[in-house]
Amino acid sequence: MLPIEQKLFPVEIPNWISGEERLAQSGDLFDKLNPANGQRLSRVARSRAEDVQQAVTAARQAQPAWADTPAVQRGMLLHKLVVGMQARQEEIARIVALETGKSYKDAHGETGGAIALGLFYASEGQRLYGRTTTSGTANKYAMTVRQPIGVAGLIIAANTPIANVAWKIFPAMICGNTAILKAAEDTPATAWIVGQIAQEVGLPPGVLNIIQGYGEEAGAPLVEHPDVGVISFTGSTEVGRLIQRAAGARLARVSLELGGKNPLVVCDDADLDNAAKWVLLSAFSNAGQRCASGSRIIIFDSIYEKFREMLVERTKMLKLGPTDDDDLGPVINEGQLNNMLASVEQAQQQGATVLVGGTRLTDPEHRAGFYMTPTLIENVDPQAEISACELFGPIAILYRVKDFDEALRLANDSPYGLTACIHTRSIHRAVRFCDKVQAGVAVVNAGTYGSEPHMPFGGLKQSGNGSREPGTEALDIYSELKDIYINIDPSQL
Ligand code: NAD
(Lines give C-alpha, C1' and ligand atoms only; values in the text may rest on other atoms or scores of the structure.)
Protein backbone atom coordinates (compact mmCIF):
# COMPACT_ATOMS: atom_id res chain seq x y z
CA MET A 1 0.00 0.00 0.00
CA LEU A 2 1.15 3.53 -0.72
CA PRO A 3 1.92 5.84 2.19
CA ILE A 4 -0.90 8.29 2.78
CA GLU A 5 0.93 11.27 1.28
CA GLN A 6 1.48 9.46 -1.97
CA LYS A 7 -2.25 9.39 -2.64
CA LEU A 8 -2.04 13.16 -3.03
CA PHE A 9 -0.75 12.80 -6.57
CA PRO A 10 -0.38 10.14 -9.24
CA VAL A 11 2.58 7.80 -9.07
CA GLU A 12 3.36 8.92 -12.62
CA ILE A 13 2.98 12.66 -12.95
CA PRO A 14 1.76 13.72 -16.40
CA ASN A 15 1.61 16.98 -18.30
CA TRP A 16 -1.60 18.98 -18.59
CA ILE A 17 -2.21 19.79 -22.23
CA SER A 18 -5.54 21.12 -23.50
CA GLY A 19 -7.21 20.08 -20.26
CA GLU A 20 -5.97 16.50 -20.50
CA GLU A 21 -3.34 14.61 -18.58
CA ARG A 22 -0.73 13.32 -21.00
CA LEU A 23 2.51 11.47 -20.37
CA ALA A 24 5.48 12.33 -22.57
CA GLN A 25 5.07 11.00 -26.10
CA SER A 26 8.30 9.04 -25.71
CA GLY A 27 6.85 7.35 -22.62
CA ASP A 28 10.01 8.35 -20.72
CA LEU A 29 9.85 9.17 -17.02
CA PHE A 30 12.36 10.40 -14.45
CA ASP A 31 12.44 9.90 -10.70
CA LYS A 32 11.56 12.61 -8.23
CA LEU A 33 13.09 11.96 -4.79
CA ASN A 34 11.96 13.13 -1.38
CA PRO A 35 14.74 15.48 -0.16
CA ALA A 36 14.01 14.58 3.46
CA ASN A 37 14.79 10.86 3.05
CA GLY A 38 16.09 10.27 -0.48
CA GLN A 39 13.22 7.93 -1.34
CA ARG A 40 11.38 8.06 -4.63
CA LEU A 41 8.18 10.11 -4.45
CA SER A 42 7.00 9.90 -8.02
CA ARG A 43 7.96 9.27 -11.61
CA VAL A 44 7.58 12.28 -13.84
CA ALA A 45 6.83 12.74 -17.54
CA ARG A 46 10.14 13.48 -19.25
CA SER A 47 8.84 15.85 -21.90
CA ARG A 48 10.75 16.98 -24.94
CA ALA A 49 10.23 19.23 -27.98
CA GLU A 50 7.35 17.13 -29.36
CA ASP A 51 5.40 17.50 -26.10
CA VAL A 52 6.14 21.24 -25.98
CA GLN A 53 4.80 21.42 -29.54
CA GLN A 54 1.51 19.84 -28.41
CA ALA A 55 1.24 22.36 -25.60
CA VAL A 56 1.96 25.28 -27.93
CA THR A 57 -0.68 24.06 -30.38
CA ALA A 58 -3.22 23.77 -27.56
CA ALA A 59 -2.33 27.20 -26.18
CA ARG A 60 -2.52 28.82 -29.62
CA GLN A 61 -5.92 27.29 -30.31
CA ALA A 62 -7.34 28.45 -26.99
CA GLN A 63 -5.85 31.94 -27.09
CA PRO A 64 -8.23 33.92 -29.37
CA ALA A 65 -11.33 32.94 -27.37
CA TRP A 66 -9.53 33.63 -24.09
CA ALA A 67 -8.41 37.04 -25.37
CA ASP A 68 -11.99 37.79 -26.45
CA THR A 69 -13.35 36.89 -23.03
CA PRO A 70 -13.74 40.24 -21.26
CA ALA A 71 -10.95 40.77 -18.76
CA VAL A 72 -13.49 41.03 -15.93
CA GLN A 73 -14.79 37.57 -16.81
CA ARG A 74 -11.28 36.19 -17.12
CA GLY A 75 -10.78 37.54 -13.62
CA MET A 76 -13.94 35.74 -12.43
CA LEU A 77 -12.60 32.46 -13.83
CA LEU A 78 -9.20 33.01 -12.24
CA HIS A 79 -11.01 33.81 -9.01
CA LYS A 80 -12.58 30.34 -9.20
CA LEU A 81 -9.11 28.90 -9.54
CA VAL A 82 -8.05 30.81 -6.43
CA VAL A 83 -11.09 29.58 -4.50
CA GLY A 84 -10.26 26.04 -5.66
CA MET A 85 -6.73 26.47 -4.33
CA GLN A 86 -8.09 27.83 -1.08
CA ALA A 87 -10.40 24.85 -0.67
CA ARG A 88 -7.42 22.54 -1.14
CA GLN A 89 -4.82 24.62 0.67
CA GLU A 90 -3.96 21.82 3.08
CA GLU A 91 -3.54 19.31 0.28
CA ILE A 92 -1.35 21.68 -1.73
CA ALA A 93 0.73 22.44 1.35
CA ARG A 94 1.26 18.73 2.02
CA ILE A 95 2.48 18.26 -1.54
CA VAL A 96 4.80 21.26 -1.30
CA ALA A 97 6.18 20.00 2.02
CA LEU A 98 6.71 16.51 0.63
CA GLU A 99 8.41 17.65 -2.56
CA THR A 100 10.70 20.23 -0.95
CA GLY A 101 11.29 18.79 2.53
CA LYS A 102 10.21 22.07 4.15
CA SER A 103 7.81 21.96 7.09
CA TYR A 104 4.06 21.75 6.57
CA LYS A 105 3.74 25.05 8.46
CA ASP A 106 6.04 26.83 6.01
CA ALA A 107 4.42 25.14 3.02
CA HIS A 108 0.98 26.21 4.26
CA GLY A 109 2.18 29.80 4.62
CA GLU A 110 3.67 29.72 1.15
CA THR A 111 0.40 28.39 -0.28
CA GLY A 112 -1.41 31.26 1.47
CA GLY A 113 0.95 33.66 -0.30
CA ALA A 114 0.16 32.05 -3.66
CA ILE A 115 -3.58 32.41 -2.95
CA ALA A 116 -3.14 36.10 -2.01
CA LEU A 117 -1.28 36.66 -5.24
CA GLY A 118 -4.02 34.92 -7.24
CA LEU A 119 -6.67 37.08 -5.57
CA PHE A 120 -4.79 40.23 -6.43
CA TYR A 121 -4.51 39.33 -10.11
CA ALA A 122 -8.07 38.00 -10.45
CA SER A 123 -9.21 41.47 -9.42
CA GLU A 124 -6.89 43.08 -11.94
CA GLY A 125 -9.46 42.02 -14.55
CA GLN A 126 -11.42 45.05 -13.34
CA ARG A 127 -8.40 47.32 -13.52
CA LEU A 128 -6.51 46.59 -16.73
CA TYR A 129 -6.04 50.29 -17.12
CA GLY A 130 -4.78 52.03 -20.19
CA ARG A 131 -4.39 55.78 -20.37
CA THR A 132 -6.48 58.51 -21.93
CA THR A 133 -4.81 61.78 -22.63
CA THR A 134 -4.98 64.88 -24.75
CA SER A 135 -4.15 64.95 -28.42
CA GLY A 136 -2.11 67.62 -30.15
CA THR A 137 -4.78 67.77 -32.82
CA ALA A 138 -8.27 69.20 -32.40
CA ASN A 139 -11.21 66.77 -32.32
CA LYS A 140 -9.06 63.76 -31.61
CA TYR A 141 -9.05 61.34 -28.69
CA ALA A 142 -5.77 59.65 -27.71
CA MET A 143 -5.59 56.57 -25.52
CA THR A 144 -3.69 53.39 -24.83
CA VAL A 145 -5.16 49.93 -24.23
CA ARG A 146 -3.55 46.73 -23.03
CA GLN A 147 -3.72 43.75 -25.36
CA PRO A 148 -2.51 40.18 -24.85
CA ILE A 149 0.75 39.05 -26.40
CA GLY A 150 -0.43 35.53 -27.26
CA VAL A 151 1.18 32.44 -25.75
CA ALA A 152 3.29 32.89 -22.60
CA GLY A 153 6.11 30.43 -21.79
CA LEU A 154 6.72 30.31 -18.04
CA ILE A 155 9.73 28.57 -16.48
CA ILE A 156 10.23 28.34 -12.73
CA ALA A 157 12.57 27.21 -9.96
CA ALA A 158 11.63 24.73 -7.23
CA ASN A 159 12.47 26.69 -4.08
CA THR A 160 9.02 28.08 -3.28
CA PRO A 161 7.13 26.04 -5.83
CA ILE A 162 3.50 27.03 -5.29
CA ALA A 163 4.39 30.71 -4.96
CA ASN A 164 6.47 30.47 -8.13
CA VAL A 165 3.58 28.86 -10.05
CA ALA A 166 1.14 31.57 -8.95
CA TRP A 167 3.66 34.35 -9.57
CA LYS A 168 3.75 33.40 -13.26
CA ILE A 169 0.39 31.98 -14.27
CA PHE A 170 -2.01 34.56 -12.83
CA PRO A 171 -0.54 37.70 -14.42
CA ALA A 172 0.01 35.88 -17.73
CA MET A 173 -3.61 34.71 -17.92
CA ILE A 174 -5.35 37.86 -16.65
CA CYS A 175 -3.75 39.75 -19.52
CA GLY A 176 -5.45 37.41 -22.03
CA ASN A 177 -2.52 35.17 -22.82
CA THR A 178 -2.71 31.43 -22.69
CA ALA A 179 0.06 29.88 -20.65
CA ILE A 180 2.51 27.01 -20.82
CA LEU A 181 4.21 26.49 -17.48
CA LYS A 182 7.38 24.38 -17.48
CA ALA A 183 7.34 22.98 -13.96
CA ALA A 184 10.57 22.74 -11.97
CA GLU A 185 11.83 19.16 -12.23
CA ASP A 186 12.23 19.02 -8.44
CA THR A 187 8.61 19.99 -7.70
CA PRO A 188 6.43 18.38 -10.38
CA ALA A 189 3.35 17.53 -8.27
CA THR A 190 2.96 21.10 -7.01
CA ALA A 191 2.47 22.30 -10.59
CA TRP A 192 0.38 19.24 -11.47
CA ILE A 193 -2.22 19.89 -8.74
CA VAL A 194 -2.74 23.47 -9.92
CA GLY A 195 -3.44 22.06 -13.39
CA GLN A 196 -5.95 19.68 -11.87
CA ILE A 197 -7.74 22.43 -9.95
CA ALA A 198 -7.84 24.57 -13.10
CA GLN A 199 -9.70 21.80 -14.93
CA GLU A 200 -12.05 21.20 -12.00
CA VAL A 201 -13.10 24.84 -11.78
CA GLY A 202 -13.74 25.09 -15.50
CA LEU A 203 -10.81 27.04 -16.88
CA PRO A 204 -11.18 26.49 -20.66
CA PRO A 205 -8.92 23.72 -21.99
CA GLY A 206 -5.64 25.01 -23.37
CA VAL A 207 -5.63 28.22 -21.32
CA LEU A 208 -3.23 26.73 -18.77
CA ASN A 209 -0.92 23.96 -19.93
CA ILE A 210 1.71 22.39 -17.73
CA ILE A 211 4.79 20.65 -19.05
CA GLN A 212 7.00 18.48 -16.87
CA GLY A 213 10.62 17.76 -17.63
CA TYR A 214 14.22 18.87 -17.54
CA GLY A 215 15.38 22.35 -18.49
CA GLU A 216 17.43 21.51 -21.57
CA GLU A 217 14.83 19.07 -22.88
CA ALA A 218 11.51 20.78 -22.11
CA GLY A 219 12.45 24.35 -21.16
CA ALA A 220 14.74 25.13 -24.09
CA PRO A 221 12.21 24.16 -26.81
CA LEU A 222 9.65 26.40 -25.14
CA VAL A 223 12.08 29.33 -25.18
CA GLU A 224 12.98 28.70 -28.81
CA HIS A 225 9.44 28.14 -30.10
CA PRO A 226 8.47 30.87 -32.59
CA ASP A 227 4.84 30.87 -31.42
CA VAL A 228 5.67 31.70 -27.81
CA GLY A 229 5.51 35.49 -27.62
CA VAL A 230 6.77 36.11 -24.10
CA ILE A 231 9.06 34.12 -21.83
CA SER A 232 9.11 34.68 -18.11
CA PHE A 233 11.83 32.87 -16.22
CA THR A 234 12.68 32.49 -12.54
CA GLY A 235 15.93 30.67 -11.93
CA SER A 236 19.69 30.94 -11.97
CA THR A 237 21.65 33.70 -13.66
CA GLU A 238 23.53 31.09 -15.68
CA VAL A 239 20.36 29.69 -17.26
CA GLY A 240 18.87 33.19 -17.51
CA ARG A 241 21.76 34.14 -19.78
CA LEU A 242 21.04 31.18 -22.08
CA ILE A 243 17.38 32.08 -22.19
CA GLN A 244 18.04 35.74 -22.95
CA ARG A 245 20.27 34.70 -25.83
CA ALA A 246 17.81 32.18 -27.31
CA ALA A 247 14.77 34.43 -26.96
CA GLY A 248 16.77 37.43 -28.18
CA ALA A 249 17.60 35.63 -31.41
CA ARG A 250 13.91 35.72 -32.30
CA LEU A 251 13.20 39.02 -30.51
CA ALA A 252 10.73 37.50 -28.07
CA ARG A 253 9.99 39.44 -24.91
CA VAL A 254 11.80 38.08 -21.85
CA SER A 255 11.46 38.68 -18.13
CA LEU A 256 14.28 37.27 -16.00
CA GLU A 257 14.09 36.91 -12.23
CA LEU A 258 17.51 35.59 -11.30
CA GLY A 259 19.88 35.02 -8.42
CA GLY A 260 21.19 37.11 -5.56
CA LYS A 261 24.08 37.40 -3.12
CA ASN A 262 22.29 39.69 -0.76
CA PRO A 263 24.00 41.91 1.82
CA LEU A 264 22.70 42.47 5.32
CA VAL A 265 24.56 45.26 7.13
CA VAL A 266 24.69 45.38 10.93
CA CYS A 267 25.80 48.80 12.21
CA ASP A 268 27.30 49.58 15.61
CA ASP A 269 24.03 51.25 16.68
CA ALA A 270 21.80 48.30 15.73
CA ASP A 271 19.51 46.40 18.08
CA LEU A 272 21.75 43.35 18.00
CA ASP A 273 19.14 40.96 19.30
CA ASN A 274 16.73 41.90 16.53
CA ALA A 275 19.55 41.90 13.97
CA ALA A 276 20.66 38.39 14.99
CA LYS A 277 17.10 37.09 14.68
CA TRP A 278 16.82 38.50 11.16
CA VAL A 279 20.26 37.33 10.06
CA LEU A 280 19.30 33.77 10.93
CA LEU A 281 15.94 34.02 9.19
CA SER A 282 17.46 35.69 6.14
CA ALA A 283 20.30 33.20 5.83
CA PHE A 284 18.66 29.94 6.82
CA SER A 285 14.89 29.97 6.31
CA ASN A 286 13.82 27.66 3.49
CA ALA A 287 17.31 26.15 3.97
CA GLY A 288 18.76 29.28 2.36
CA GLN A 289 17.10 28.43 -0.93
CA ARG A 290 15.76 31.89 -1.56
CA CYS A 291 16.91 34.28 -4.25
CA ALA A 292 16.51 36.94 -1.56
CA SER A 293 18.47 35.11 1.14
CA GLY A 294 20.96 37.12 3.21
CA SER A 295 24.28 35.49 2.40
CA ARG A 296 26.72 38.37 3.01
CA ILE A 297 26.55 39.66 6.57
CA ILE A 298 28.48 42.90 6.84
CA ILE A 299 29.26 43.80 10.45
CA PHE A 300 30.83 46.93 11.99
CA ASP A 301 34.24 46.31 13.51
CA SER A 302 33.35 47.55 17.01
CA ILE A 303 30.58 44.95 17.47
CA TYR A 304 32.00 42.19 15.28
CA GLU A 305 33.16 39.76 17.98
CA LYS A 306 30.07 40.16 20.09
CA PHE A 307 27.68 39.79 17.18
CA ARG A 308 29.59 36.83 15.72
CA GLU A 309 29.26 35.11 19.08
CA MET A 310 25.52 35.70 19.12
CA LEU A 311 25.14 34.32 15.60
CA VAL A 312 27.26 31.23 16.20
CA GLU A 313 25.46 30.42 19.42
CA ARG A 314 22.02 30.74 17.86
CA THR A 315 22.98 28.90 14.69
CA LYS A 316 24.13 25.91 16.75
CA MET A 317 20.69 25.70 18.27
CA LEU A 318 18.81 25.43 14.96
CA LYS A 319 17.01 22.13 14.42
CA LEU A 320 17.05 20.43 11.04
CA GLY A 321 14.25 18.26 9.74
CA PRO A 322 10.98 18.30 7.84
CA THR A 323 8.57 18.85 10.74
CA ASP A 324 6.89 21.96 12.15
CA ASP A 325 9.25 21.77 15.14
CA ASP A 326 12.31 22.14 12.92
CA ASP A 327 13.89 25.41 11.85
CA LEU A 328 15.03 24.34 8.41
CA GLY A 329 14.73 21.36 6.11
CA PRO A 330 16.99 19.70 3.56
CA VAL A 331 18.12 21.25 0.29
CA ILE A 332 16.26 20.21 -2.82
CA ASN A 333 18.59 17.56 -4.25
CA GLU A 334 21.88 15.81 -3.69
CA GLY A 335 23.67 17.57 -6.56
CA GLN A 336 22.92 20.93 -4.99
CA LEU A 337 24.15 19.69 -1.60
CA ASN A 338 27.42 18.41 -3.07
CA ASN A 339 28.05 21.70 -4.91
CA MET A 340 27.73 23.59 -1.65
CA LEU A 341 30.02 21.25 0.25
CA ALA A 342 32.63 21.62 -2.50
CA SER A 343 32.37 25.43 -2.41
CA VAL A 344 32.87 25.53 1.36
CA GLU A 345 35.84 23.19 1.11
CA GLN A 346 37.42 25.28 -1.61
CA ALA A 347 36.95 28.44 0.48
CA GLN A 348 38.61 26.72 3.43
CA GLN A 349 41.57 25.80 1.26
CA GLN A 350 41.84 29.49 0.40
CA GLY A 351 41.99 30.47 4.07
CA ALA A 352 38.34 30.87 5.10
CA THR A 353 37.29 29.83 8.60
CA VAL A 354 34.11 27.83 9.07
CA LEU A 355 32.64 29.04 12.37
CA VAL A 356 29.77 26.58 12.41
CA GLY A 357 28.35 24.01 9.98
CA GLY A 358 29.94 23.32 6.62
CA THR A 359 29.01 19.65 6.57
CA ARG A 360 26.31 17.20 5.55
CA LEU A 361 24.21 15.80 8.38
CA THR A 362 25.08 12.13 8.66
CA ASP A 363 23.36 11.02 11.85
CA PRO A 364 20.92 8.10 11.41
CA GLU A 365 17.86 10.36 11.37
CA HIS A 366 19.15 12.64 8.61
CA ARG A 367 21.75 10.82 6.57
CA ALA A 368 19.39 9.58 3.86
CA GLY A 369 18.14 13.14 3.30
CA PHE A 370 19.95 16.08 1.70
CA TYR A 371 20.75 18.09 4.82
CA MET A 372 23.38 20.81 4.89
CA THR A 373 24.16 22.13 8.36
CA PRO A 374 23.56 25.89 8.66
CA THR A 375 26.94 27.41 7.97
CA LEU A 376 28.70 30.62 8.96
CA ILE A 377 32.07 31.46 7.46
CA GLU A 378 34.57 34.28 8.06
CA ASN A 379 37.99 35.39 6.83
CA VAL A 380 36.82 35.42 3.24
CA ASP A 381 38.21 37.87 0.71
CA PRO A 382 35.37 39.93 -0.80
CA GLN A 383 36.87 39.11 -4.20
CA ALA A 384 36.97 35.33 -3.58
CA GLU A 385 34.69 33.15 -5.65
CA ILE A 386 32.51 32.22 -2.68
CA SER A 387 31.88 35.95 -2.02
CA ALA A 388 30.65 36.50 -5.55
CA CYS A 389 28.69 33.41 -6.49
CA GLU A 390 25.29 32.40 -5.21
CA LEU A 391 25.27 29.08 -3.33
CA PHE A 392 21.49 28.81 -2.82
CA GLY A 393 21.71 27.04 0.49
CA PRO A 394 22.08 27.70 4.25
CA ILE A 395 25.47 29.41 4.05
CA ALA A 396 26.35 32.97 5.05
CA ILE A 397 29.68 34.77 5.11
CA LEU A 398 30.57 37.33 7.79
CA TYR A 399 32.61 40.39 6.78
CA ARG A 400 34.14 43.02 9.06
CA VAL A 401 34.01 46.72 8.08
CA LYS A 402 35.17 49.88 9.82
CA ASP A 403 32.23 52.19 9.08
CA PHE A 404 29.09 52.93 7.07
CA ASP A 405 30.90 53.95 3.89
CA GLU A 406 32.89 50.74 3.80
CA ALA A 407 29.75 48.72 4.52
CA LEU A 408 27.91 50.36 1.64
CA ARG A 409 30.87 49.87 -0.68
CA LEU A 410 31.06 46.19 0.18
CA ALA A 411 27.28 45.75 -0.09
CA ASN A 412 27.48 47.10 -3.64
CA ASP A 413 30.60 45.13 -4.55
CA SER A 414 28.69 42.23 -6.07
CA PRO A 415 27.67 41.03 -9.52
CA TYR A 416 24.13 40.77 -8.14
CA GLY A 417 21.67 43.39 -6.91
CA LEU A 418 18.45 41.79 -5.72
CA THR A 419 17.74 42.60 -2.06
CA ALA A 420 19.65 44.37 0.71
CA CYS A 421 19.05 45.15 4.35
CA ILE A 422 20.52 47.41 7.04
CA HIS A 423 20.17 47.24 10.82
CA THR A 424 20.62 50.63 12.45
CA ARG A 425 18.86 53.07 14.76
CA SER A 426 20.04 56.01 12.69
CA ILE A 427 17.45 57.42 10.30
CA HIS A 428 20.28 58.99 8.30
CA ARG A 429 22.10 55.72 7.79
CA ALA A 430 18.84 53.95 6.96
CA VAL A 431 17.77 56.49 4.36
CA ARG A 432 21.22 56.79 2.82
CA PHE A 433 21.48 53.00 2.56
CA CYS A 434 18.05 52.73 0.89
CA ASP A 435 19.05 55.47 -1.52
CA LYS A 436 22.50 54.20 -2.46
CA VAL A 437 22.38 50.43 -2.21
CA GLN A 438 22.34 48.75 -5.61
CA ALA A 439 19.36 46.45 -5.16
CA GLY A 440 15.79 46.10 -6.33
CA VAL A 441 14.59 45.82 -2.72
CA ALA A 442 16.01 47.68 0.29
CA VAL A 443 14.92 46.84 3.84
CA VAL A 444 15.52 48.52 7.21
CA ASN A 445 15.70 46.57 10.48
CA ALA A 446 14.24 43.32 9.19
CA GLY A 447 15.35 40.61 6.72
CA THR A 448 16.35 40.28 3.10
CA TYR A 449 12.96 39.17 1.95
CA GLY A 450 10.98 38.99 -1.27
CA SER A 451 8.08 41.25 -1.99
CA GLU A 452 4.38 41.20 -1.29
CA PRO A 453 1.97 40.11 -4.06
CA HIS A 454 0.94 43.66 -4.93
CA MET A 455 4.51 44.99 -4.98
CA PRO A 456 7.09 44.77 -7.76
CA PHE A 457 10.11 42.55 -7.18
CA GLY A 458 13.26 42.26 -9.25
CA GLY A 459 16.92 43.03 -9.25
CA LEU A 460 19.71 45.07 -10.75
CA LYS A 461 22.86 43.86 -12.46
CA GLN A 462 22.96 40.06 -12.85
CA SER A 463 19.83 39.54 -10.75
CA GLY A 464 17.58 40.16 -13.71
CA ASN A 465 17.01 42.06 -16.90
CA GLY A 466 15.16 45.02 -15.44
CA SER A 467 11.63 43.61 -15.36
CA ARG A 468 9.53 43.55 -12.20
CA GLU A 469 7.08 40.87 -11.08
CA PRO A 470 4.49 40.68 -9.52
CA GLY A 471 2.51 43.84 -8.66
CA THR A 472 0.76 45.75 -11.43
CA GLU A 473 4.23 46.07 -12.98
CA ALA A 474 3.98 42.46 -14.18
CA LEU A 475 1.10 43.50 -16.43
CA ASP A 476 3.69 45.30 -18.56
CA ILE A 477 5.47 42.02 -19.17
CA TYR A 478 2.37 40.16 -20.29
CA SER A 479 0.61 42.75 -22.40
CA GLU A 480 1.23 44.88 -25.46
CA LEU A 481 0.28 48.53 -25.34
CA LYS A 482 -1.63 49.84 -28.29
CA ASP A 483 -2.18 53.55 -29.01
CA ILE A 484 -5.63 54.37 -30.31
CA TYR A 485 -6.50 57.74 -31.88
CA ILE A 486 -10.11 58.53 -32.70
CA ASN A 487 -11.12 61.41 -34.86
CA ILE A 488 -14.40 62.64 -33.33
CA ASP A 489 -15.27 65.22 -35.97
CA PRO A 490 -16.48 63.47 -39.14
CA SER A 491 -16.24 66.75 -41.10
CA GLN A 492 -12.48 66.50 -40.78
CA LEU A 493 -12.32 63.21 -42.72
P1 NAD B 1 17.90 26.73 -12.65
O2 NAD B 1 18.20 27.95 -13.43
O3 NAD B 1 18.83 25.60 -12.71
O4 NAD B 1 16.46 26.15 -13.10
C5 NAD B 1 15.31 26.92 -13.11
C6 NAD B 1 14.35 26.40 -14.16
O7 NAD B 1 14.96 26.55 -15.44
C8 NAD B 1 14.00 24.92 -14.01
O9 NAD B 1 12.65 24.73 -14.32
C10 NAD B 1 14.88 24.27 -15.08
O11 NAD B 1 14.34 23.07 -15.56
C12 NAD B 1 14.87 25.33 -16.15
N13 NAD B 1 16.00 25.27 -17.09
C14 NAD B 1 17.25 24.81 -16.84
N15 NAD B 1 18.00 24.90 -17.97
C16 NAD B 1 17.21 25.43 -18.94
C17 NAD B 1 17.42 25.76 -20.30
N18 NAD B 1 18.58 25.56 -20.91
N19 NAD B 1 16.39 26.30 -20.99
C20 NAD B 1 15.20 26.51 -20.40
N21 NAD B 1 14.94 26.19 -19.11
C22 NAD B 1 15.94 25.67 -18.38
O23 NAD B 1 17.67 27.24 -11.16
P24 NAD B 1 17.43 26.39 -9.84
O25 NAD B 1 18.73 25.94 -9.33
O26 NAD B 1 16.35 25.41 -10.06
O27 NAD B 1 16.85 27.56 -8.93
C28 NAD B 1 17.62 28.35 -8.16
C29 NAD B 1 17.86 29.71 -8.82
O30 NAD B 1 16.65 30.42 -8.99
C31 NAD B 1 18.71 30.60 -7.91
O32 NAD B 1 19.66 31.25 -8.70
C33 NAD B 1 17.71 31.58 -7.35
O34 NAD B 1 18.27 32.79 -6.92
C35 NAD B 1 16.78 31.75 -8.51
N36 NAD B 1 15.49 32.30 -8.07
C37 NAD B 1 15.21 33.62 -8.38
C38 NAD B 1 14.02 34.20 -7.94
C39 NAD B 1 13.70 35.63 -8.25
O40 NAD B 1 12.55 36.01 -8.17
N41 NAD B 1 14.68 36.46 -8.61
C42 NAD B 1 13.11 33.43 -7.21
C43 NAD B 1 13.42 32.10 -6.93
C44 NAD B 1 14.62 31.54 -7.37
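Residues numbered from 1 in each chain as written. Predicted model: local features only at pLDDT ≥ 70, side-chain atom pairs only at ≥ 80, totals over all residues. Heavy atoms only, no water.

**Things to note about the site of the ligand**
Consideration 1: In the neighbourhood of the ligand, 27 residues make up the surrounding shell, with Ile156, Glu185, Ser236, Leu258 and Glu390 lying closest.
Consideration 2: Contact distances for the ligand include 2.7 Å between an oxygen atom and a side-chain N or O atom of Lys182.
Consideration 3: Separating an oxygen atom of the ligand from a side-chain N or O atom of Ser236 is a distance of 2.6 Å.
Consideration 4: Surface burial for the ligand is 86%, taken as the share of its 850 Å² of free accessible area covered by protein chains.
Consideration 5: Secondary structure elements with two or more residues in the shell around the ligand: α7 (215-224), β11 (230-234) and α8 (237-249).
Consideration 6: In terms of residue count, α7 provides more of the shell around the ligand than any other element does, four residues in total.
Consideration 7: Here the residues of the shell around the ligand sort into 15 nonpolar, seven polar and five charged.
Consideration 8: Of the residues that make up the shell around the ligand, three or more belong to each of domain 1 (4-258 + 464-481) and domain 2 (262-444). (Near = heavy atom within 4 Å. Polar contact = N/O pair within 3.5 Å; in protein donor to acceptor, adjacent residues only side chain to side chain. Areas by Shrake-Rupley, 256 points an atom, 1.4 Å probe, with all protein chains shown as cover. Helix = DSSP H or I, 4+ residues; strand = E, 2+ residues; numbered from the N terminus. Nonpolar A, V, L, I, M, F, W, Y, C, P; charged D, E, K, R; others polar. Domains from an automatic or database assignment.)

**Focus on the layout of surface pockets**
Consideration 1: Each pocket or cavity is described by its volume, and for the second largest pocket that value is around 300 Å³.
Consideration 2: As for the second largest pocket, its lining consists of 26 residues, and the residues nearest its centre are Asp106, Ser285, Asp326, Asp327 and Leu328.
Consideration 3: Secondary structure elements with two or more residues in the lining of the second largest pocket: α4 (104-124) and α9 (272-284).
Consideration 4: It is α9 that provides the largest number of residues to the lining of the second largest pocket, a total of five residues. (1 Å grid on protein atoms, 1.4 Å probe; cavity = no way out; pocket = protein on both sides within 12 Å on 5 of 7 lines; lining within 4 Å. Points joined across faces, edges and corners; volume = space filled by probe spheres on them.)

**Comments concerning the pattern of salt bridges**
Consideration 1: The final tally for this structure, using the stated rule, is 22 salt bridges.
Consideration 2: For Arg88, the salt bridge is made with Glu200, and the minimal N-O distance between the two is 2.8 Å. With Arg88 in the loop between α2 (71-87) and α3 (89-100) and Glu200 in helix α6 (residues 188-200), the pair connects residues that are 112 residues apart, well separated along the chain.
Consideration 3: Where Asp476 meets Arg146, a salt bridge forms, and the shortest distance between an N and an O atom there is 3.0 Å. Of this pair, Asp476 sits in helix α15 (residues 474-478) while Arg146 sits in strand β7 (residues 140-148); the two residues are 330 residues apart in sequence, bridging distant segments of the chain.
Consideration 4: A cluster of three or more residues bridged by salt bridges with shared partners is formed by Asp28, Arg46, Arg48 and Glu217. (Salt bridge = Lys/Arg side-chain N within 4 Å of Asp/Glu carboxyl O.)

**A word on the domain arrangement of the chain**
Consideration 1: Domains assigned within the chain are domain 1 (4-258 + 464-481) and domain 2 (262-444).
Consideration 2: Look at where the C-alpha atoms of domain 1 and domain 2 centre, and you get two points 31 Å apart.
Consideration 3: Across the contact, 22 residues belong to domain 1 and 21 residues belong to domain 2.
Consideration 4: For the domain 1 and domain 2 pair, buried surface summed over both sides reaches about 1500 Å², with 52% attributable to carbon and sulfur atoms.
Consideration 5: By the criterion of area lost to domain 2, the three top residues of domain 1 are Pro35, Ala36 and Asn159, representing 30% of everything that side buries.
Consideration 6: Our count for the domain 1 to domain 2 interface comes out at zero salt bridges.
Consideration 7: If you list the elements that add at least two residues to the side of domain 1 that touches domain 2, you get β4 (29-33), α3 and α4.
Consideration 8: Of the residues belonging to the side of domain 1 that touches domain 2, the class tally is six nonpolar, 10 polar and six charged. (Contact = heavy atoms within 4.5 Å. Buried area = accessible area lost by both parts, 1.4 Å probe.)

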